[in-house]
Amino acid sequence: MEEKKLKIFHLPVSENATNTLRIKAMKNVFEQQELAEVFIYDPKEHEELTESDLKHAISEADLIMARETPTPMALLVREKFPRKRFVYDLDDNPWEVLPSSTAYKNLGIEDVIINNKPVWMTGITQGFNRYKNIWNLIQYDFMVSQSDLVTTTSIALAEKIAMDYSKETRYIPLYIDFENYPDYEVVSNTKKKDEFRIVWN
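Predicted model, so just to flag it, every value in this text is computed and none were measured.

Scoring rules and cut-offs
- Residues numbered from 1 in each chain as written.
- Predicted model: local features only at pLDDT ≥ 70, side-chain atom pairs only at ≥ 80, totals over all residues.
- Heavy atoms only, no water.
- Helix = DSSP H or I, 4+ residues; strand = E, 2+ residues; numbered from the N terminus.
- Rg over C-alpha atoms; globule rule 2.2 N^0.38 Å.
- Buried < 20%, exposed > 50% of the residue type's maximum accessible area, 1.4 Å probe, protein only.
- Contact = heavy atoms within 4.5 Å.
- Areas by Shrake-Rupley, 256 points an atom, 1.4 Å probe, with all protein chains shown as cover.
- Lys, Arg positive; Asp, Glu negative; His and termini not counted.
- Charge placed at Lys NZ, Arg CZ, Asp CG, Glu CD.
- Patch = residues over 30% accessible without salt bridge, like charges linked within 9 Å, V, L, I, M, F, W, Y side chains within 5 Å.
- Salt bridge = Lys/Arg side-chain N within 4 Å of Asp/Glu carboxyl O.
- Core = buried A, V, L, I, M, F, W, Y, C linked by side-chain atoms within 4.5 Å.
- Pairing = 2+ DSSP bridges.
- Right-handed = clockwise from strand over helix to strand, strands pointing away.

For the protein, the helix and strand inventory stands at six helices and eight strands. Listing every helix and strand of the protein by position from the N terminus yields β-α-β-α-β-α-β-α-β-β-α-β-α-β. For a compact globule of 201 residues, the expected C-alpha radius of gyration is about 17 Å, and the protein comes in at 21 Å, more than 25% above that figure. C-alpha extents for the protein along the principal axes are approximately 65 × 50 × 40 Å. Taking all 201 residues of the protein together, 32% fall into the buried category. Sequence-distant contacts in the protein: of pairs separated by 6 or more residues, those separated by 24 or more amount to 53%. Element-wise, carbon and sulfur atoms account for 53% of the exposed surface of the protein, whose accessible area totals about 14300 Å². In the protein, the 25 positive side-chain charges and the 33 negative ones have mean positions that sit 5 Å from each other.

Dropping the structure here:
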């Protein structure tokens, strides 16, 4: 008798490098090793799916997964399918963002003035609203609190979530498929022969 594969339904994720390393790479590994069938829902790519189709796909799944940014769909899944196992993946700490970070725009909850100059001021700094950001953090609280398991990219973040939320956590480092990154000869383009520059994007 053929062993039943785990069915995973993944909530929508945006297109960026981290999501590729965390989600799409995981999907490839799971399917290559025949461990699970992973469906990553993309509203644009799967626009032909009806609400009934989505409910059926979620009901058939053994596990629901979500990553990083909270989505209204996560709340909907918890309302309609409260018994489904839910895993949330988080690679950043949204609760401890410094004003020096651009992420403070969407996660900072205090106005910041340095040398009598407003750096982050609600109603003054374009795009910054500390009241809206409080709501953003509440959504992160929800995503962590309602999950059965939280996976992170760092041990420190896993320990923080386990302590603050009494949640089961697992540290899973970033997965890199080296077949996608062939070897290149690194040649210095500076005048110093023993020096070369690295650009991190």
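Having seen the structure, we can now continue with the description.
A separate point is a nonpolar patch on the surface. Judged by side-chain polarity, Ile109, Tyr131, Ile134, Trp135 and Ile138 come together as a nonpolar surface patch covering roughly 510 Å² of accessible area. On the secondary structure map, isoleucine 134 appears in helix 5 (residues 130-145). A relative accessible area of 36% means that isoleucine 134 is categorised as partly exposed.

Turning next to the pattern of salt bridges. Inspection of every chain in the model, using the stated rule, returns eleven salt bridges. Residue aspartate 89 pairs with arginine 22 through a salt bridge whose shortest N-O separation is 2.6 Å. Here aspartate 89, found in strand 4 (residues 85-90), pairs with arginine 22, found in helix 1 (residues 17-32); they are 67 residues apart in sequence, far enough to count as distant. On the accessibility criterion, arginine 22 (8% relative accessible area) is buried. The shortest N-O distance in the salt bridge between aspartate 164 and lysine 160 comes to 2.7 Å. A residue pair is termed a helical-turn pair when its members lie 3 or 4 positions apart in one helix, as aspartate 164 and lysine 160 do in helix 6 (residues 155-165) at four residues. One network of salt bridges, with partners in common, ties together Arg22, Arg67, Asp89 and Asp91.

Moving on to the nonpolar core. Counting 28 residues, the largest nonpolar core has Phe9, Leu11, Ile64 and Phe86 as the members making the most contacts within it. Of all the elements, helix 5 adds the most residues to this core, at four residues. What isoleucine 64 contacts, discounting residues up to four positions off in sequence, is Phe9, Leu11, Ile58, Val77, Lys84, Arg85, Phe86 and Val87. Of all hydrophobic cores here, the second largest spans nine residues; its members include Ile23, Leu63, Met65 and Val87.

Turning next to the environment of proline 43. Locating proline 43 in the fold gives a position in the loop between strand 2 (36-40) and helix 2 (51-60). Residue classification places proline 43 among the partly exposed positions, given a relative accessible area of 41%. For the pair formed by proline 43 and proline 12, sequence separation is 31 residues and the distance between their alpha carbons is 7.3 Å.

Here the focus is the pairing of strand 1 (residues 6-10). Bridge count between strand 1 and strand 2: five bridges; the pairing is parallel. In the sheet register, phenylalanine 9 faces strand 2, and the bridge partner there is phenylalanine 39. Handedness of the crossover joining strand 1 and strand 2 through helix 1: right-handed. Pairing of strand 1 with strand 3 (residues 63-67) involves three bridges; the strand directions are parallel. If you follow isoleucine 8 over to strand 3, its bridge partner there is leucine 63.

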